[in-house]
Amino acid sequence: MQSERRFHKDQSWHAIRQLLLEITNQAKDHLLPHLAAIMKEKVSTHEYASIAHIHEHFSSPITVEGLASIEHFHPVYYVEWFKQKMGKTPRVYLEDYRIERAKELLIETNHSIAQVGKQVGYTYCSTFSRTFLKVTGVTPTSYRRIKR
């Protein structure tokens, strides 16, 4: 798998290099700063596969073991790696991400608190409400009332 990643990276970087050379020859100073800004943004916003998985499947059950396997890491190493990259554990990141999506649903929809909780991955309304309170400092019902 590592050689596959290197192959894709090498091919991508080769294509980028060719594009840079072509643009440099054609546009000289005029487009190069814009291209450099785009490249910097792309490199700095690189999203890891396991994080993309969290964003796409946050409403489904997600385990550290599953996330670690996406990155081809041992689960113990993955937790440390994730904390270094994201500043929090995968569990806390997932929890925060789910609550952020729940905030949007509470404001934008008239779904019940239980429905919102289920939509963002909580099986039980009580777990959702307790977690929401812990993360935001207010209950989902109070949050909806305050923000509407």
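Within every chain, residues take consecutive numbers counted from 1 along the sequence as written. Note on the predicted model: pLDDT of at least 70 is required for a residue's local features to be given, and 80 or more for side-chain atom pairs to be given and counted; whole-chain, interface and lining totals, by contrast, use all residues. Side-chain calculation: all heavy atoms of the structure are included, whereas hydrogens and water are not.

Peer 1: Just to check I follow, could you spell out the side chain of Lys103 for this structure?
Peer 2: For helices the rule is a DSSP run of H or I covering at least 4 residues; for strands it is a run of E covering at least 2, with both sets numbered from the N terminus onward. Along the chain, Lys103 falls in helix H6 (residues 90–108). Two N or O atoms count as a polar contact when they lie within 3.5 Å, although within protein this holds only if one can serve as hydrogen donor and the other as acceptor, and sequence-adjacent residues are included solely when both atoms are side-chain atoms. Within the local environment of Lys103, its side chain forms a polar contact with the side chain of Glu100, the two groups lying 3.0 Å apart. By definition in these notes, contact holds between two residues if any of their heavy atoms fall within 4.5 Å. Those residues in contact with Lys103 that sit more than four places away from it in its chain are Phe132, Thr136 and Tyr143.

Peer 1: Looking at this structure, I do not really get the confidence of the model for the chain. What am I missing?
Peer 2: Low pLDDT marks regions whose predicted coordinates should not be analysed in detail. When pLDDT is averaged across the chain, the result is 85; 76% of the residues are at 70 or more. As a per-residue measure, pLDDT tells how confident the predictor is, with possible values from 0 to 100. Considering only residues more than four positions removed or in separate chains, one finds that residues 1–7, a stretch of pLDDT under 50, has four contacts.

Peer 1: Help me understand the packing of aromatic side chains, please; the structure alone is not making it clear to me.
Peer 2: For any pair of aromatic rings, the description consists of the separation of the ring centres together with the inter-plane angle of the planes. Here the aromatic set is Phe, Tyr and Trp, taking the six-membered ring for Trp, and pairing holds for ring centres within 6.5 Å; pairs whose planes are under 30 degrees apart are stacked, those over 60 apart are edge-to-face, and all others are tilted. Evaluated as defined, the whole model comprises eleven aromatic pairs. Here the aromatic rings of Phe132 and Tyr143 are separated by 5.5 Å at their centres, their planes lie at 70 degrees, and the arrangement is edge-to-face. Of the two residues, Phe132 is situated in helix H8 (residues 125–136) and Tyr143 in helix H9 (residues 140–147); the sequence distance between them amounts to eleven residues. Tyr143 sits in the buried class, given a relative accessible area of 11%. Among the aromatic residues, those joined into a cluster by ring pairs are Tyr48, Phe58, Phe73, Tyr77, Tyr78, Trp81, Phe82, Tyr93 and Tyr97. Only when the NZ atom of a Lys or the CZ atom of an Arg is both within 6 Å of the ring centre and within 35 degrees of the ring normal do we say a charge sits over the ring. Above the ring of Tyr122, the side-chain terminus of Arg98 is found at 5.6 Å from the ring centroid. When the ring centre of Tyr97 is taken as origin, the NZ or CZ atom of Arg101, which lies over that ring, is 4.5 Å away. Throughout, exposure labels follow a simple rule: accessible area from a 1.4 Å probe, protein chains only, divided by the maximum for the residue type, with under 20% read as buried, over 50% as exposed, and the rest as partly exposed.

Peer 1: Would you explain the nonpolar core in this entry?
Peer 2: Grouped burial of nonpolar side chains is what soluble globular proteins tend to show. Ranked by size, the top nonpolar core spans 22 residues in total, and within it Ile54, Phe82, Phe128 and Phe132 carry the most contacts. At the level of elements, helix H3 (49–57), helix H4 (64–71), helix H5 (75–86), H6, helix H7 (113–119) and H8 are the ones that each hand at least two residues to this core. If we skip the residues at most four places from it in the chain, Phe128 touches Ile99, Ala102, Ile113, Val116, Gly117, Val120, Tyr122 and Pro140. Take the buried Ala, Val, Leu, Ile, Met, Phe, Trp, Tyr and Cys residues and link them wherever side-chain atoms come within 4.5 Å; each set so joined is a nonpolar core.

Peer 1: Looking at this structure, I do not really get the pattern of salt bridges. What am I missing?
Peer 2: When the charged atoms of two side chains lie near each other, side chains of opposite charge can form a pair. Counted as salt bridges are all cases of a side-chain nitrogen of Lys or Arg within 4 Å of a carboxyl oxygen of Asp or Glu. Counting across every chain of the model gives six salt bridges. Between Glu95 and Arg91 there is a salt bridge, and its shortest N-O distance comes to 3.5 Å. Taken together, the residues span about one helical turn, with Glu95 and Arg91 both in helix H6 at a distance of four residues. Arg91 sits in the exposed class, given a relative accessible area of 52%. Across the salt bridge formed by Glu104 and Arg101, the nearest N and O atoms sit 2.7 Å from each other. Note that Glu104 and Arg101 are positioned in helix H6 at a spacing of three residues, about one turn of the helix. Judged by its relative accessible area of 36%, Glu104 falls in the partly exposed class.

Peer 1: I tried to follow unusual backbone geometry on my own but got confused; where do I start?
Peer 2: Positive phi is not limited to glycine here, since His72 has a value of about 65 degrees. In this structure, His72 sits in the loop between H4 and H5.

Peer 1: Explain the side chain of Glu71 here, please?
Peer 2: When you line up the elements, Glu71 lands in helix H4. Among the polar contacts made by the side chain of Glu71, one reaches the main-chain amide nitrogen of Ser50 at a distance of 2.8 Å.

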